[in-house]
Amino acid sequence: MKTQVAMIGGRPSGLLLGQLLLKPGIDTVVLERKTKDRVLGRIRAGVLERGLVALMEQAGCATRLHAEGILHDGAMISYGDTMFRVDFTEHTGHPVIVYGQTEVTRDLFDAHEQAGGATVFNVEDVAIHGADTDAPHVCYTVDGVPQRLQCDFIAGCDGFHGVSRQAIPLNVRREYEKVYPFGWLGILSQTPPVHHELIYANSPRGFALCSMRNDSLSRYYIQCSLSDKPGYWTDAAFWQELKRRIPADMAERLITGPSIEKSIAPLRSFVTEPMRWQRLFLCGDAAHIVPPTGAKGLNTAASDVHYLYNALRDYYENGSPAGIDGYSEQALARVWKAERFSWWFSSLMHRYPDQSPFDLKMQIAELEFLRTNAAAQRAMAENYVGLPY
Ligand SMILES: Cc1cc2nc3c(=O)[nH]c(=O)nc-3n(C[C@H](O)[C@H](O)[C@H](O)COP(=O)(O)OP(=O)(O)OC[C@H]3O[C@@H](n4cnc5c(N)ncnc54)[C@H](O)[C@@H]3O)c2cc1C
């Protein structure tokens, strides 16, 4: 098989880039390791920045997002029984949209299929060859049958555990990592959200987040130990712990019910540099990970897609390599800002096992400053709704 851009990974980064490139007629093939159902089975991001929404519009996939997504003009932050609101729209003029990553992926799949885009599921043994030559290609197997995909460029959109990043030689690649000493235990329940906006809670028992997918589907998280397993937590134990971590009036009105999904996510900050090696580009979680506290993972993947899409389009339409030459530097400049915000917000909201009494005082002082200072709230709001591309 031959294509112009081979995409490894068929979740948000790969599908969005593939769908955008189809518009100006750039040929792509998306290679995905899992089945479509398994890709759609993972519950992850839920808060979309306007940049991602604009890309979905550009890709012609935003109709359902606009019909069903919920505009959020702000979010609540609590510590102990103190709760305050940061108004995103007042400070920046922009809200965020709550719409599940699963739905974003479903919309992209549907649009890609309708537009005749090629996606190969269930690929195995994916290997990148010749990324530093004029004849790059990707080898893989489907149902045990070896295949070879010839291409001009390879977009590595295969997440943190994919093969693309590993294809960049070690003497070229630099990696920066911080692993947090806790995880997030999350549940999805068919219950109305406790509040119409998200609540981020810092409590002496650890962090909690009250989030949602729609009016009757809620997503709740609590900070947990790295040694925890979802099976260790009954639904009743989860609800009891969540109630202890959020302000008393919210705990009283929390409607509980059976979980329909329960999982644990470790928290990590990670960046690899460069994001381009010859004819291979990294995009999304393949190049960087953030702790989910700032809702930046999917949104930062989207900014990579924006830069890479424009770079490839410029190359194919105008013969200019300037965009692809500048991709890594341009993408990384925004990635590091998203990393900073996610690290800062995580540090502010979680309890760390080695926190000293002084560290705790600093955390509360910073929360007090954020509660009472308009400039601090504006800085937070600007980052939360997404820095411009
Ligand atoms: C609990 C949680 C909450 C989150 N909340 C938010 C949020 O509110 N907002 C936000 O912006 N982000 C959030 N995120 C982060 C977000 O989910 C990720 O950043 C996003 O999924 C990245 O998309 P991606 O396409 O780059 O990578 P992935 O979603 O990891 O997709 C990579 C794809 O590549 C495939 N693949 C891997 N290896 C191969 C291979 N060898 N060959 C072929 N295919 C391969 C995988 O099967 C997968 O489908 C959250 C994450 C978690 C865990």
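The numbers attached to residues start from 1 for each chain and follow its sequence in the written order. Side-chain atom pairs in this predicted model are given and counted only at pLDDT of 80 or more, local residue features only at pLDDT of at least 70, and totals for whole chains, interfaces and linings cover all residues. Only hydrogens and water are set aside; all other atoms, that is, all heavy atoms of the structure, feed into the side-chain values.

S.K.: Mind laying out the overall build of the protein chain, listing which residues take part and the relevant values?
M.R.: Of regular secondary structure, the protein chain possesses 12 helices and 20 strands. Here the radius of gyration uses the C-alpha set of atoms, whereas the globule reference equals 2.2 Å times the residue count to the power 0.38. For the protein chain, the C-alpha radius of gyration of 21 Å lies close to 21 Å, the compact-globule estimate for 389 residues. Projected onto its principal axes, the C-alpha coordinates of the protein chain cover approximately 60 × 40 × 40 Å. Burial classes: relative accessible area under 20% of the type maximum marks a residue as buried, over 50% as exposed, and values in between as partly exposed (1.4 Å probe, protein chains only). Buried positions account for 55% of the 389 residues belonging to the protein chain. For the protein chain, restricting intrachain contacts to residue pairs at least 6 apart in sequence, the fraction spanning at least 24 positions comes to 72%. Note on areas: these come from Shrake-Rupley sampling with a 1.4 Å probe, and a residue is covered only by the protein chains present in the view. Summed over its atoms, the accessible surface of the protein chain is roughly 16200 Å², and 51% of this surface lies on carbon and sulfur atoms. The protein chain carries 39 positive and 44 negative side-chain charges, and their two centres are separated by 3 Å. Starting at the N terminus, helices and strands are each numbered in turn, a helix being any DSSP run of H or I of at least four residues and a strand any DSSP run of E of at least two. Contacts are residue-level and defined by heavy atoms, with any inter-residue pair within 4.5 Å sufficient. In this count, Lys and Arg are taken as positive residues and Asp and Glu as negative ones, while His and the chain termini are left out. A single reference atom marks each charge: NZ on Lys, CZ on Arg, CG on Asp, CD on Glu.

S.K.: Outline the packing of aromatic side chains, listing residues and values.
M.R.: Pairing of aromatic rings covers Phe, Tyr and the six-membered ring of Trp, with a centre-to-centre limit of 6.5 Å; geometry is then stacked below 30 degrees between planes, edge-to-face above 60, and tilted otherwise. Here the structure, examined in full by the defined rule, presents 23 aromatic pairs. Plain terms: the ring middles of Phe 160 and Phe 270 are 5.1 Å apart, the flat faces sit at 80 degrees to each other, and that makes the pair edge-to-face. Here the residue Phe 160 occupies a position in the loop between β12 (153-156) and β13 (174-189), and Phe 270 occupies one in strand β17 (residues 259-273), the gap between them amounting to 110 residues. Phe 270 sits in the buried class, given a relative accessible area of 3%.

S.K.: Break down helix α10 (residues 322-349) for me, with residues and values.
M.R.: What a helix should span is 1.5 Å times the count of its residues minus one. Under the 1.5 Å per step criterion, the end-to-end length of α10 is 41 Å for 28 residues, consistent within 8% with the ideal 40 Å. Here the bend at a residue means the angle between the axes of two seven-residue stretches, the one that ends at it and the one that starts at it. In the structure, α10 departs most strongly from a straight axis at Ser 328, where the bend amounts to approximately 40 degrees.

S.K.: Requested: an account of the site of the ligand, with residues and values cited.
M.R.: Each residue is tested against the molecule or strand, and it is near if at least one of its non-hydrogen atoms lies within 4 Å. As a matter of local geometry, the ligand sits amid 31 residues, with Ser 13, Glu 32, Gln 101, Asp 285 and Leu 298 nearest to it. Counting of polar contacts relies on pairs of N or O atoms within 3.5 Å, with two restrictions inside protein: one atom must be capable of donating a hydrogen and the other of accepting it, and residues adjacent in sequence are counted only when both atoms are side-chain atoms. The side chain of Ser 13 places a nitrogen or oxygen atom 2.6 Å from an oxygen atom of the ligand. Residue Gly 46 places a main-chain N or O atom 3.1 Å away from an oxygen atom belonging to the ligand. Only α1 (12-22) and α9 (297-318) provide two or more residues apiece to the shell around the ligand. In terms of residues, the shell around the ligand owes the most to one element, α9, which gives 3 residues. Residue composition of the shell around the ligand, grouped by class: 14 nonpolar, 9 polar and 8 charged. Three residue categories are used. Nonpolar comprises Ala, Val, Leu, Ile, Met, Phe, Trp, Tyr, Cys and Pro, charged comprises Asp, Glu, Lys and Arg, and polar comprises the others, including Gly.

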